[in-house]
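# Overview (structure and organization)
The chain contents come next:
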Amino acid sequence: MAGVDVRDILEIETPERHPVTKESLFNDDKEKKPVKKNVFTKKPQGMHREVWGLLFADPRDPPPVLPSDTSLGYKQAKAKIGRSRVRPWKWMPFTNPARQDGAVLHHWRRLADEGKDYPFARFNKQVEVPLYSDLEYQQHLHDENWTREETDHLFELCRRFDLR
């Protein structure tokens, strides 16, 4: 509901306003200021629209007149496919030194890599789980709520699963 309707229902008098005229609507009595046309430079071919919008959004800050890099412009060098010889690949067997079962696996490798070690063997890190004697167990590991067999089993699990 508009404020005029509320005042009318409540019979509240409204202050008088100047009558609406054509001149007041169109504001013909004021001088019109000349409208400046925004001069936009054309976006270079190959430049993304988002980059252009970020760099040159303000017409008062024009882009540089001379290009700074004339070698390739904004385009990337195209891939030169088919101009060199293809490196040969071969389906080769390999063994993973981290495995204890001696399983022979296969995968594609370059012929130049034939006879080289498995490249992921360097990630196989093994942790040495310490061994303890009866004297060391009695001095450092003995606990009333924990038996020797449980301690041995825990250390064996640590060796088996690499402390994971």
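Residues numbered from 1 in each chain as written. Predicted model: local features only at pLDDT ≥ 70, side-chain atom pairs only at ≥ 80, totals over all residues. Heavy atoms only, no water.

Attention now goes to the packing of aromatic side chains. Across all of its chains, the model carries six aromatic pairs by this definition. A centroid spacing of 5.0 Å and a plane angle of 75° characterise the contact between Tyr 132 and Phe 155, whose relative ring orientation is edge-to-face. Of this pair, Tyr 132 sits in the loop between β2 (104-110) and α4 (134-141) while Phe 155 sits in helix α5 (residues 148-160); the two residues are 23 residues apart in sequence, bridging distant segments of the chain. The class for Phe 155 is buried, based on a relative accessible area of 18%. (Phe/Tyr/Trp six-rings, centres within 6.5 Å; stacked < 30°, edge-to-face > 60°. Helix = DSSP H or I, 4+ residues; strand = E, 2+ residues; numbered from the N terminus. Buried < 20%, exposed > 50% of the residue type's maximum accessible area, 1.4 Å probe, protein only.)

Burial analysis of helix α1 (residues 3-10) places just zero of its eight residues in the buried class, which makes it a mostly uncovered element. Downstream of α1 by a residue or two, Glu 11 has a phi angle that is positive, lying close to 55°.

Turning our eyes to something else, we now look at the pattern of salt bridges. For the structure on display, the rule yields seven salt bridges. The residue Arg 49 makes a salt bridge to Glu 50 at a minimum N-O spacing of 3.2 Å. Under the relative-accessibility criterion, Glu 50 is labelled partly exposed at 47%. A salt bridge links Asp 152 to Arg 148, with the shortest nitrogen-to-oxygen separation between them at 3.4 Å. One end of the pair, Asp 152, and the other, Arg 148, are both in helix α5, four residues apart, so they sit about a helical turn from each other. A relative accessible area of 34% places Asp 152 in the partly exposed class. On the accessibility criterion, Arg 148 (25% relative accessible area) is partly exposed. (Salt bridge = Lys/Arg side-chain N within 4 Å of Asp/Glu carboxyl O.)

Here the chain shows a mean pLDDT of 79. Residues at 70 or above account for 79%. Per-element confidence in the chain ranges from a low mean pLDDT of 70 for helix α2 (residues 22-26) to a high of 92 for β2. (pLDDT = per-residue confidence, 0-100.)

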